[in-house]
Amino acid sequence: MQRITITIEDDLLEALDAFMDRSGASNRSEALRDLIRRGLDQDAPEAAECVGVVTYAMDPAQRDLGRLVPESRQQHHDAAIAALSVPLDHHAAVEVAVMRGTVGSVQAYANSLFLQRGVRHGQTVLIPVRTEVEFHLHGERAHTHDHLRVLDRF
């Protein structure tokens, strides 16, 4: 790591301190590193490997979204890791889909959902990963399988 000095306006420093309190960062340097990583993640290369957490609210009855959204996830079964639907009332549910793939493919899937009428408040969080194939012994049986290693940045 390198130590740097910056000049910052008072109101921006107050906002940084408020972020530090909300995020649980132990100091300003940690909070600033977190904010920089988040900003840089916005420019993640489309071919980079990631796990994406896609969240949104929807009205399952509107345009038959209660059927169409799970079907679209099923069409991406090779990328879908998990999904959760939380009914809030008779007309709204919050949904979370965890997807894996390239940044471009995860963002394309998320954007296709967010464009649907009846889907609101869409957000995507991208986590940089690298797939590693490892050989393991489990009891008497040896096999290989994938592990996703979380990276510090894209």
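Residues numbered from 1 in each chain as written. Predicted model: local features only at pLDDT ≥ 70, side-chain atom pairs only at ≥ 80, totals over all residues. Heavy atoms only, no water.

A. Seen up close, the pairing of strand S3 (residues 93-102). Strand direction decides the pairing type here: strand S1 (residues 49-58) and S3, joined by 10 bridges, are antiparallel. Looking at the pairing, Met58 lines up with Ala93 of S3. Where strand S2 (residues 80-87) and S3 come together, seven bridges link them in antiparallel fashion. Counted as the bridge partner of Val86 is Val94 from S3. Two successive antiparallel strands, S2 and S3, enclose a turn made up of five residues. (Pairing = 2+ DSSP bridges. Helix = DSSP H or I, 4+ residues; strand = E, 2+ residues; numbered from the N terminus.)

B. Layout of a nonpolar patch on the surface. On the surface, a nonpolar cluster with roughly 320 Å² of combined accessible area is contributed by Leu84, Val86, Leu88 and Val94. By the element assignment, Leu84 lies in strand S2. (Patch = residues over 30% accessible without salt bridge, like charges linked within 9 Å, V, L, I, M, F, W, Y side chains within 5 Å. Areas by Shrake-Rupley, 256 points an atom, 1.4 Å probe, with all protein chains shown as cover. Salt bridge = Lys/Arg side-chain N within 4 Å of Asp/Glu carboxyl O.)

C. Expanded view of the environment of Asp89. You can see Asp89 is positioned in the loop between S2 and S3. Taking the relative accessible area as the measure of exposure, Asp89 reaches 48% and is therefore partly exposed. Put simply, Asp89 and Asp59 are 30 residues apart on the chain and 9.6 Å apart in space, counted from C-alpha to C-alpha. Within the structure, Asp89 has its side chain in polar contact with the backbone nitrogen of His91 (distance 2.7 Å). A polar atom in the side chain of Asp89 sits 2.7 Å from the backbone nitrogen of Ala92. (Buried < 20%, exposed > 50% of the residue type's maximum accessible area, 1.4 Å probe, protein only. Polar contact = N/O pair within 3.5 Å; in protein donor to acceptor, adjacent residues only side chain to side chain.)

D. Region of the structure containing the UniProt feature "domain: Ribbon-helix-helix protein CopG" (unreviewed entry) in the protein. As annotated by UniProt and renumbered to match this structure, "domain: Ribbon-helix-helix protein CopG" (unreviewed entry) occupies residues 3-42. Its end C-alpha atoms 25 Å apart, residues 3-42 is made of 70% helix and 0% strand. (UniProt positions renumbered as here; feature names shortened; annotations may be inferred.)

E. Representation of the UniProt feature "domain: Transcription factor NikR nickel binding C-terminal" (unreviewed entry) in the protein within the structure. The residues that UniProt annotates with the feature "domain: Transcription factor NikR nickel binding C-terminal" (unreviewed entry) are residues 51-126. Counting secondary structure, residues 51-126 comes out at 30% helix and 45% strand; the distance between its end C-alpha atoms is 6 Å.

F. Local environment of the packing of helix H1 (residues 10-23) against helix H2 (residues 28-41). With their axes 9 Å apart at the nearest point, H1 and H2 run at an angle of 95 degrees to one another. The angle between H1 and H2 places the two elements in the roughly perpendicular class. In contact with Leu13, Leu16, Asp17, Phe19 and Met20 of H1, H2 contributes Arg28, Ala31, Leu32, Asp34, Leu35 and Arg38. (Axes fitted to C-alpha atoms, helices over the stretch in contact; angles between N-to-C directions. Parallel < 35°, antiparallel > 145°, perpendicular 65-115°, else oblique. Contact = heavy atoms within 4.5 Å.)

G. The arrangement of the sheet that holds strand S5 (residues 141-150) in detail. An order of S2-S3-S1-S4-S5 is seen for the five strands of this open sheet, with the pairing classed as antiparallel. Two strands bound the open sheet, and with one partner strand each, they are S2 and S5. The mean inter-strand angle of the sheet, taken between neighbouring strand axes irrespective of direction, is 25 degrees. With 10 bridges connecting them, strand S4 (residues 119-138) and S5 associate as antiparallel partners. Paired with Glu132 across the bridge in S5 is His147.

H. Inspection of the environment of Ile81 at higher detail. With respect to the helices, strands and loops of the structure, Ile81 is situated in strand S2. Along the chain, Ile81 and Arg100 lie 19 residues apart, while their C-alpha atoms are 6.9 Å from each other. With residues near it in sequence (within four places) discarded, Ile81 still touches Val51, Val98, Met99 and Arg100.

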